Amino acid sequence: MSEVILQVALPSPLRRLFDYRAPRGIASEGLRPGVRVRVPFGRRQLVGFVAAITDQSTIPRDKLKAASEVLDIEPILPDTLWQLCRWTANYYQHSLGDTLSCALPTLLRQGEPALARQQLLWQLLPGAYPEHPAISRAPRQKQAVQILGQHPHGLSHALLGQWGLQRDTLDTLEKKGLVQQIRQSPHHSNEPLPLLREAPLTANAEQQAALDAIIASKGFTCWLLEGVTGSGKTEVYLQAIEHCLRHGKQALVLIPEIGLTPQTLERFRQRFSVPVVILHSGLNDRERMDAWLAARNGEVGIVIGTRSAVFTPLANPGLVIIDEEHDLSYKQQDGLRYNARDLAVYRARLDNCGIILGSATPALESLHNADTGRYQHLRLQQRAGDAQPPQMHCLDIRSRPLQGGLSQPMLQAIGEHLGKGNQVLVFLNRRGFAPTLMCHDCGWIAECSRCDARMTVHQSPTYLQCHHCDSQRPLDRHCPKCNSEDLRPVGAGTERSEEHLKQCFPHTPVVRIDRDSTSRKQAMQQLLKQVHAGGPCLLVGTQMLAKGHHFPNVTLVAILDADGGLFSADFRGPERMAQLITQVAGRAGRADKPGQVLIQTHMADHPLLLDLTEQGYAAIAHSELAARRSANLPPFSFMALLRAESTAPEQVNSFLEQASVSAENLQASQQLSVELLGPVPSPMERRAGRYRAQLLLQANQRAPLHNLLHQLLPLLEQAPQGRKVRWSLDIDPLDM
Ligand code: ADP
Ligand code: ZN
Ligand code: ZN
């Protein structure tokens, strides 16, 4: 009988499988694609996946090594997820082993057994109830008793942690004789719990119509839920999930960034009594694996996470939700450059379940898919409750002096809103104090020594920082060119606006939200506390403020600089700018008080701004789509971007030239209609000391493009020029 050969996917960038003999003494019937094996690789042992089993190898028998160990009896991924990973590797032209590594929690990647730890669960003892005198003055303990009362089978620390309950609270309760710890695998043999913790809101007519459509359908459907800001998309998600849970299925929810919207997470926890797992960055490896296993084993009802959660296995997938589907954070920008939204759609198709893509400002790709009938379009055009859409106006600042980025009429408007006891959000998408440090005598500008970029001035503490490579240095005291001491910060960032606002409104608290002010854990929540307290206050910040927040007392949104987006070199510039402005504007007037939006610009008659303020995002989206169609740009064509970088520019060029010649040959010999553009320097040619260039491949159909790439990549992997540079391929690039 011929021998069994395992083709193993290993965590390596090489796009190939590695052949091994089965470990001695292992019956071949016990081996299936999808089980993990430990194999010798050079001097190391690596954990890989059996991708296929054959009886032939191109490697001579005596050179073929045996795998050391089979780690699983059953494949650890459900079949559809295994297929998803294979599809992902193939679509993004990435190594399968590396793709599987991205999909797995660290411990499983390292070869740990796929078994949940026997968990210690907390359970109420008889006689414990929230009004118990022993805890009458301990609100945390009271809350713990309340929650445990709703979970008669007990809860693990990880799950209690989701309500913010700490170990010492439970320890104290144990000493008081109110709770005990039991050893059990989590959620095991749970009897059906009440599903909801609170009643749903009564859906309005538009929400109900959307829900009716979602609930009526069976199997795979992708809905584009286009709902204006404040229209109550979250309520639609919650009720769609409820329906899914009632059918004994699980829901997967992807959100752009966990830390940014603690409120949204709170709404999920408050609504449902079923276990909700939130995959956040604070989980340690063990907790992450336990959560992953609990999802795979069907022990949790809802999984919420960011981009990489798209790879969470579910035992009974019933619904996928992508909140803010236009958000750029769904696209991974290094390594496996996948788009989690697109993968989620494919995944739902494999799982034969529904998927909702929600946004007030859908990506043009998604709108196009809705226009062509691939997605079902659902619209929420009214704000929920009594809220009215905000009124948007441009504020022409030509020849008006700006202080801290603010014009006089803007300050006046801010004063009026604060005077009425309301809150104001000031938006400036530029952190730091000033984007430029300039010599007033000779015009010298402080630049980054490693990038083609200016240094940003930061204050308190004072330093210069490059926002592209993060390098820092002290502020220059003298101009290196003319020795003058008159160096001035030019322009405004959030720190400068904050400072000026504090001077103008000394009695109003000013809260600044940007990457610098929120870098510490929980900092965002702390800062937002003041805002949610509701009194008059000023919020200054970057696009972090644009994402999904609900600030009921904000009545004015002041946009300090809309001009940057009007000159973007990227063809996606107008789309991005319209999304950002619409999202920020959407923070105004979300409750019963009407909202106003003022946009400072030097180009108040720019057609894009006019359309945006008068007609809104949908109008812009459709005119942009028409422009893309006539320019043959995505979504009407398909792109892949080959990037290369090195400290030596000639090596970058030589590699890309070689790639271009190879691509040209393939295309000519097989008549693949793929257009090659470049190589050209990347938009910022030098970054962190490396020279960067790119070759763009574009086609009207996906098939010829992918066909060409499939043949091109092995050539690039073998090209000697490729060893001297860092190169990568980005399929459906968003950043050009
Ligand atoms: P979106 O995500 O679409 O911007 P949200 O889901 O945050 O909007 O909803 C905005 C506000 O409207 C929230 O305070 C929410 O509680 C409220 N809301 C949503 N649906 C309803 C409804 N049917 N009745 C009353 N209020 C609602
Ligand atoms: Zn000078
Ligand atoms: Zn730099």
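Thresholds, definitions, all that
Residues numbered from 1 in each chain as written. Chains lettered and ligands numbered in written order. Predicted model: local features only at pLDDT ≥ 70, side-chain atom pairs only at ≥ 80, totals over all residues. Helix = DSSP H or I, 4+ residues; strand = E, 2+ residues; numbered from the N terminus. Rg over C-alpha atoms; globule rule 2.2 N^0.38 Å. Buried ≥ 20, exposed ≤ 12 C-beta atoms within 10 Å, placed from the backbone. Contact = placed C-beta atoms within 7 Å. Near = placed C-beta within 6 Å. Nonpolar A, V, L, I, M, F, W, Y, C, P; charged D, E, K, R; others polar. Pairing = 2+ DSSP bridges. Domains from an automatic or database assignment. Core = buried A, V, L, I, M, F, W, Y, C linked by C-beta atoms within 7 Å. Axes fitted to C-alpha atoms, helices over the stretch in contact; angles between N-to-C directions. Parallel < 35°, antiparallel > 145°, perpendicular 65-115°, else oblique. Left-handed = near helix turned anticlockwise from the far one by under 90°.

(A) Representation of the overall build of the chain within the structure. Within the chain, the secondary structure is distributed over 20 helices and 30 strands. A globule of 736 residues ought to have a C-alpha radius of gyration of about 27 Å, and the chain, at 28 Å, matches this closely. By its C-alpha atoms, the chain is 85 × 80 × 55 Å across when sized along the principal axes. Burial status across the chain gives 43% buried among its 736 residues. Nonlocal contacts in the chain, meaning residues at least 24 apart in sequence, comprise 76% of its contacts between residues at least 6 apart.

(B) Representation of the environment of G335 within the structure. By the secondary structure assignment, G335 is in the loop between β13 (317–322) and α11 (340–351). In this structure G335 comes out as partly exposed when scored by C-beta crowding, with 14 C-beta atoms within 10 Å. Along the backbone, G335 and C102 are 233 residues apart, and their C-alpha atoms lie at a distance of 9.3 Å.

(C) Focus on the site of ligand 1. Near ligand 1 there are 17 residues, and of these G232, K233, T234, A384 and G385 occur at the shortest range. With three residues, helix α8 (residues 233–246) is the largest single contributor of residues to the shell around ligand 1. Within the shell around ligand 1, the residues separate by chemical class into three nonpolar, 11 polar and three charged.

(D) The arrangement of the environment of H326 in detail. Assignment of secondary structure puts H326 in the loop between β13 and α11. Taking C-alpha positions, H326 is 20 Å from L641, a pair spaced 315 residues apart along the chain. Apart from the residues within four sequence positions on either side, H326 is in contact with S359, T361, P362, A363 and Q579.

(E) Seen up close, helix α14 (residues 494–504). If you check which residues of α14 are buried, you get T494, E495, R496, S497, E498 and L501. Among the structural elements, β17 (423–427), β19 (456–458), β23 (510–513) and β24 (538–541) are those in contact with the buried residues of α14.

(F) Representation of the sheet that holds strand β20 (residues 463–465) in the model. Pairing within the open sheet is antiparallel, and its three strands lie in the order β19-β20-β21. Because the sheet does not close on itself, it has two edges, and the strands there are β19 and β21 (472–473). Judged from the three bridges that link them, β19 and β20 form a sheet pairing that is antiparallel. Counterpart to H458 in the pairing with β20 is Y463.

(G) Spotlight on unusual backbone geometry. Of the consecutive residues S460 and P461, the connecting peptide bond is found in the cis state with omega at -5°. Along the chain, P461 falls in the loop between β19 and β20. Between G678 and the following residue, P679, the backbone shows a cis peptide bond with an omega angle of 5°. Mapped onto the fold, P679 is located in strand β28 (residues 674–687). A positive phi angle is found at S460, which is not glycine, with a value near 45°. For S460, the position within the fold is in the loop between β19 and β20.

(H) Region of the structure containing the domain arrangement of the chain. When its domains are assigned, the chain resolves into domain 1 (5–110), domain 2 (119–184), domain 3 (205–380), domain 4 (391–432 + 492–629) and domain 5 (638–731). Look at where the C-alpha atoms of domain 2 and domain 4 centre, and you get two points 44 Å apart.

(I) Layout of the pairing of strand β2 (residues 18–21). Burial along β2 is one-sided: the residues F18 and Y20 are buried and none of D19 and R21 is. Pairing geometry for strand β1 (residues 5–9) and β2, over four bridges, is antiparallel. Each residue of the ladder has a partner; that of I5, found in β2, is R21.

(J) Expanded view of the nonpolar core. Counting 175 residues, the largest nonpolar core has V8, I302, V426, V557, A558 and I559 as the members making the most contacts within it. If one sorts the elements of this core by residue count, α8 sits on top with seven residues. Apart from the residues within four sequence positions on either side, I559 is in contact with F427, I581, V584, V597, L598, I599 and Q600. Core analysis: the second largest hydrophobic core is formed by 17 residues, L124, L155, L165 and L170 among them.

(K) Focus on the packing of helix α1 (residues 79–91) against α11. Two elements in contact, α1 and α11, have axes separated by 10 Å at closest approach and are oriented at 140°. Comparing their axes, α11 and α1 come out oblique. Classified by chirality, the crossing of α11 by α1 is right-handed. Judged by residue contacts, T80, Q83, L84, W87 and T88 of α1 engage L343, Y346, R347, L350 and D351 from α11.

(L) How the structure looks around the environment of R587. Along the polypeptide, R587 turns up in the loop between α16 (573–585) and β26 (596–601). We classify R587 as buried; it has 26 C-beta atoms within 10 Å. It is 13 Å that separates the C-alpha atoms of R587 and G541, two residues lying 46 residues apart in sequence. Here R587 is in contact with L425, L545, H549, F551, V554 and V557, once residues within four sequence places are set aside.

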